[in-house]
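# Working through the structure, step by step
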Amino acid sequence: MAAHRAALGASLAAARLLPLSRCSPSPAPRSTLSGAAMEPAPRWLAGLRFDNRALRALPVETPPPGPEGAPSAPRPVPGACFTRVQPTPLRQPRLVALSEPALALLGLGAPPAREAEAEAALFFSGNALLPGAEPAAHCYCGHQFGQFAGQLGDGAAMYLGEVCTATGERWELQLKGAGPTPFSRQADGRKVLRSSIREFLCSEAMFHLGVPTTRAGACVTSESTVVRDVFYDGNPKYEQCTVVLRVASTFIRFGSFEIFKSADEHTGRAGPSVGRNDIRVQLLDYVISSFYPEIQAAHASDSVQRNAAFFREVTQRTARMVAEWQCVGFCHGVLNTDNMSILGLTIDYGPFGFLDRYDPDHVCNASDNTGRYAYSKQPEVCRWNLRKLAEALQPELPLELGEAILAEEFDAEFQRHYLQKMRRKLGLVQVELEEDGALVSKLLETMHLTGADFTNTFSLLSSFPVELESPGLAEFLARLMEQCASLEELRLAFRPQMDPRQLSMMLMLAQSNPQLFALMGTRAGIARELERVEQQSRLEQLSAAELQSRNQGHWADWLQAYRARLDKDLEGAGDAAAWQAEHVRVMHANNPKYVLRNYIAQNAIEAAERGDFSEVRRVLKLLETPYHCEAGAATDAEATEANGADGRQRSYSSKPPLWAAELCVT
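Think of each chain on its own: its residues are numbered from 1, step by step along the sequence as written. The predicted nature of this model means local features are confined to residues of pLDDT at least 70 and side-chain atom pairs, given and counted, to a pLDDT of 80 or more, with totals for whole chains, interfaces and linings taken over all residues. Calculated side-chain values reflect all of the structure's heavy atoms, with hydrogen atoms and water omitted.

## Notes on the overall build of the protein chain
- Numbering of helices and strands runs from the N terminus, with a helix taken as a DSSP run of H or I at least four residues long and a strand as a DSSP run of E at least two residues long. Helix and strand content of the protein chain: 21 helices and 15 strands.
- Atoms counted for the radius of gyration: C-alpha only. Globule rule: 2.2 Å times the number of residues to the power 0.38. Computed over its C-alpha atoms, the radius of gyration of the protein chain comes to 26 Å, within 12% of the 26 Å expected for a compact globule of 666 residues.
- Along the first, second and third principal axes, the C-alpha set of the protein chain runs to 75 × 65 × 55 Å.
- Among the 666 residues that make up the protein chain, the fraction classed as buried is 54%.
- Every residue pair with non-hydrogen atoms within 4.5 Å of one another is taken to be in contact. Contacts in the protein chain between residues far apart in sequence, at least 24 positions, make up 73% of those at least 6 positions apart.
- Here the protein chain displays about 27,700 Å² of accessible surface, and carbon together with sulfur accounts for 53% of that area.
- With 67 positive and 79 negative side-chain charges, the protein chain shows a separation of 4 Å between the mean positions of the two kinds. Type-normalised accessible area, obtained with a 1.4 Å probe on protein chains alone, sets the label of each residue: buried when under 20%, exposed when over 50%, and partly exposed for intermediate values. The Shrake-Rupley method, run with a 1.4 Å probe, gives the accessible areas here. Residue values count only the displayed protein chains as cover. Asp and Glu are treated as the negative residues and Lys and Arg as the positive ones, with His and the ends of the chain left uncounted. Charge positions come from single atoms, namely NZ of Lys, CZ of Arg, CG of Asp or CD of Glu.

As structure tokens, this is what we get:
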């Protein structure tokens, strides 16, 4: 059996799962929307050539007869990895923005004329289909907030097809928000302007930060509307339907392998393709041959060793990805198994956030009531999700082998990559010391104690005067204190979230009926609320001068240790001037000046909701050069928004204004 599977994998690789360097598009029938007499002919996009390998290599659903089999009818999709769908047209689609660097992956140059914007709006909204596109929705399952949810699938996204470029690369295109699919359940398959702008901007921001990610090529809004209750507070409103063109080698995810899961012991839910190990084998063969061809070639005769090498590589890539997140202060927000890429890419940007004031327990998703996906827990959650992937690969990868690989690889790879990146962020360019981990931990502790801004503190450290008696030290310390949280910021951050009477009732319940209290699942939330109350009480007793003095003491201690470590690094260099230049260069190349802070995204969203897309385009351009050292990077004067939501000019690299603390992302 193993030999048969290995032969099948080798056959697939040779016959149709061609390496990326040999991508050659095959003729495909012209795609048409249901009811459309003829598609408009593209001009700027006419050069895109589709070769939809996934739909040839993996099973596609044959819909049931009658209304139950309609392209958007909600239903289980057993025995298939895809089902064919059709985008639902939008009223008056209008281009918000294009990402030229992302579209360049497809071999597209800059739009040649204004007419190209209308063309992009037409085809990237799903109102018309490009020749060779074959819309489909992918079937997957997932563990959401730790519980198996059964069938999920592309409820608001559609596979368009795979574009092959002249250089032999292959890119899958997706439309997110193009209408209902069989996986939409009771939802409408739409996304709105605010969430689409956030995903569009962050996809591109993460790429330019150097973090593995899917890409976003376009954002298209419309006059079509849907009703959304933004804060789940009973105050719904109409919002504009918007579509994002997403680009990646593949959007296959951990949850793609969970469609075979039998009934879960906790939720009772099962995947739609229980018992179909033949499809699991097919999916493994496709993924490994297509996206890990070197592993396929090295283990063509032994499927177990091939699958082990594949899982090892996915584990390492995932560890490096989350290490990159931690080093730029990125919080994903919804780290379910269905939001984990099989290629180790950041995928599915929802209620994400970048750290402002450093808080390891920061939760960016307002609906994450237990803090499961807090910033500091992301590595642990990624490891947990990999464990679920290992379970999903059984029996093609024995679980004990998968668990051994996970135990051997994940923590070691994460720590190695994280510390290597942190050394670069601190400008330690000459020697690596065991004590470096403790130096980083103490830095983060100091940032936490002083409420320092994560991005700006690292950026500022590149100007730390190495010489002990430097005349610039006082100025540096003053600038560093500006990055620490003010008394007003701290009081706002730690204000209680619960009515005192409600908190008192919950504490009484915890004392009188601890079993019921535990079942309610509010223990973590109550603990956080008590901490806020205690912090608020302490802050009321603290003056601004006392806070400043305390912060200076914390930073003086760490900077003394940092200077000593820099001295050791300098000792290993032959030329002090050359070392200093390299030290600054490396810090500038690894500490971004600009990240997509929530308040920056919010300003762009509010302008776009008024019909002004210029701020979205300005922020997109700014985020293409986030580091000091890059050619074309904006100066402080250039990177200033003229119309902030608080009515004042503000540099994009500034700490967030106080109103930003009120932003709620769900």
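Back to the write-up after that little detour.
## A word on the environment of Leu397
- In this fold, Leu397 is placed in the loop between helix H9 (378-393) and helix H10 (399-425).
- Sequence separation of Leu397 and Cys141 is 256 residues, and the distance between their C-alpha atoms is 19 Å.
- Contacts of Leu397, omitting those with residues within four sequence positions, involve Val304, Asn307, Ala308, Phe311, Ala390 and Gly402.

## Overview of the packing of aromatic side chains
- Between the rings of Phe, Tyr and Trp (Trp by its six-membered ring), a pair exists once the centres lie within 6.5 Å; its type follows the angle of the planes, with under 30 degrees stacked, over 60 edge-to-face, and the other angles tilted. By the definition in use, this model includes 18 aromatic pairs.
- For the pair Tyr349 and Phe352, a centre-to-centre distance of 6.0 Å together with 90° between the ring planes defines the contact as edge-to-face. By the burial criterion, Tyr349 is buried, and Phe352 matches it.
- Taken together, a centroid distance of 5.2 Å and an interplanar angle of 55° make the contact between Phe464 and Phe476 tilted. Separated by twelve residues along the polypeptide, Phe464 in the loop between helix H12 (454-461) and helix H13 (473-482) and Phe476 in helix H13 bring together distant segments of the chain. Grouping residues by exposure puts Phe464 and Phe476 together as buried.
- An aromatic cluster is present here, built from Trp325, Phe330, Tyr349, Phe352 and Phe354 joined pairwise through their rings.

## Examining the domain arrangement of the protein chain
- Segmentation of the protein chain into domains returns domain 1 (53-257) and domain 2 (301-423).
- For the domain bounds, the source is a domain assignment made automatically or taken from a database. Measuring from the centre of the C-alpha atoms in domain 1 to the corresponding centre in domain 2 gives 24 Å.
- Listed per partner, the contact involves 30 residues of domain 1 and 36 residues of domain 2.
- Here domain 1 meets domain 2 over a buried area of about 2,800 Å², counting both sides, of which 66% is carbon and sulfur.
- In this structure, Asp348 engages Arg253 in a salt bridge whose closest nitrogen and oxygen atoms are separated by 2.7 Å.
- Two N or O atoms form a polar contact when they lie within 3.5 Å of each other; inside protein one atom must be a possible hydrogen donor and the other a possible acceptor, and for residues adjacent in sequence the pair counts only when both atoms belong to side chains. Scanning the region where domain 1 abuts domain 2 turns up 13 residue pairs in polar contact (both at pLDDT 80 or more).
- Sorting the residues of the side of domain 1 that touches domain 2 by element identifies strand S5 (141-144), helix H5 (193-209) and strand S11 (237-248) as the ones contributing at least two each.
- Element by element, the count of residues in the side of domain 1 that touches domain 2 is highest for H5, at six residues.
- When residue character is reported, Ala, Val, Leu, Ile, Met, Phe, Trp, Tyr, Cys and Pro are called nonpolar, Asp, Glu, Lys and Arg charged, and the others, Gly included, polar. Looking at the side of domain 1 that touches domain 2, its residues break down into 14 nonpolar, eleven polar and five charged. The term buried area denotes the loss of accessible surface (1.4 Å probe radius) that occurs when two parts are joined, taken as the sum for both partners. Whenever Lys or Arg places a side-chain nitrogen within 4 Å of a carboxyl oxygen from Asp or Glu, that contact is recorded as a salt bridge.

## A look at the confidence of the model for the protein chain
- On average, the protein chain scores 90 in pLDDT, and the residues at 70 or more come to 91%.
- Every residue in residues 1-21 scores below 50 in pLDDT, and together they form 36 contacts with partners more than four places removed in sequence or on other chains.
- The pLDDT score gives, residue by residue, the confidence of the prediction method on a 0 to 100 scale. Per-residue pLDDT stays below 50 along residues 642-649; that stretch engages in ten contacts with residues further than four places along the chain or on separate chains.

## Details of unusual backbone geometry
- Here the residue pair Gln394 and Pro395 is connected by a cis peptide bond, since its omega of 0° sits within 30 degrees of zero.
- Within the secondary structure, Pro395 is located in the loop between H9 and H10.
- The phi torsion at Arg185 lies on the positive side, around 55°, for a residue other than glycine.
- With respect to the helices and strands, Arg185 occurs in the loop between strand S8 (170-176) and strand S9 (191-192).
- Unusually for a residue other than glycine, Asp348 sits at a positive phi of about 65°.
- For Asp348, the position within the fold is in the loop between strand S12 (330-331) and strand S13 (353-354).
- You can call Asp348 buried: its relative accessible area is 12%.

## Side note on a nonpolar patch on the surface
- A surface patch of nonpolar side chains, about 320 Å² in accessible area, is lined by Leu516, Leu519 and Met520.
- Looking at the element boundaries, Met520 is found in the loop between helix H16 (514-519) and helix H17 (523-540). Every patch collects residues that have over 30% relative accessible area and no salt bridge, joining them within 9 Å if they carry like charges and within 5 Å if they are nonpolar side chains (Val, Leu, Ile, Met, Phe, Trp, Tyr).

## Concerning the pairing of strand S6 (residues 147-151)
- Burial within S6 is extensive, with four of its five residues counted as buried.
- The rule for pairing is simple: two strands pair if DSSP sees at least two bridges between them. Note that S5 and S6 share three bridges and pair antiparallel. Bridge assignment links Cys141 to a residue of S6, and that residue is Gln151.
- Counting the residues in the hairpin turn of S5 and S6 gives two residues, including Phe145, whose phi is positive at 50°.

## Focus on the nonpolar core
- One finds Phe124, Val287, Leu426, Trp555, Tyr562 and Leu596 to be the most contacted residues of the largest nonpolar core, which totals 168 residues.
- Take this core: its biggest share by element is twelve residues, from helix H8 (residues 303-328).
- Each of domain 1 (53-257) and domain 2 (301-423) gives at least three residues to this core.
- Discounting residues that sit within four places of it in the chain, Val287 has contacts with Ile252, Phe257, Tyr292, Phe310 and Ile342.
- Among the buried residues, those of types Ala, Val, Leu, Ile, Met, Phe, Trp, Tyr and Cys that are joined through side-chain atoms within 4.5 Å form a nonpolar core. Among the nonpolar cores identified, the runner-up in size contains seven residues, and Leu490, Leu539, Leu542 and Leu547 belong to it.

## A short note on the side chain of Arg170
- Looking at the element boundaries, Arg170 is found in strand S8.
- From its side chain, Arg170 meets the backbone oxygen of Asp51 in a polar contact 2.7 Å long.
- There is a polar contact of 3.3 Å between the side chain of Arg170 and the side chain of Glu162.

## Digging into H12
- Most of H12 is tucked away, with eight of its eight residues classed as buried.
- Every buried residue of H12 is accounted for by Phe454, Thr455, Asn456, Thr457, Phe458, Ser459, Leu460 and Leu461.
- The secondary structure elements touched by the buried residues of H12 are H8, H10, helix H11 (436-450), H13, helix H18 (544-571) and helix H19 (576-590).

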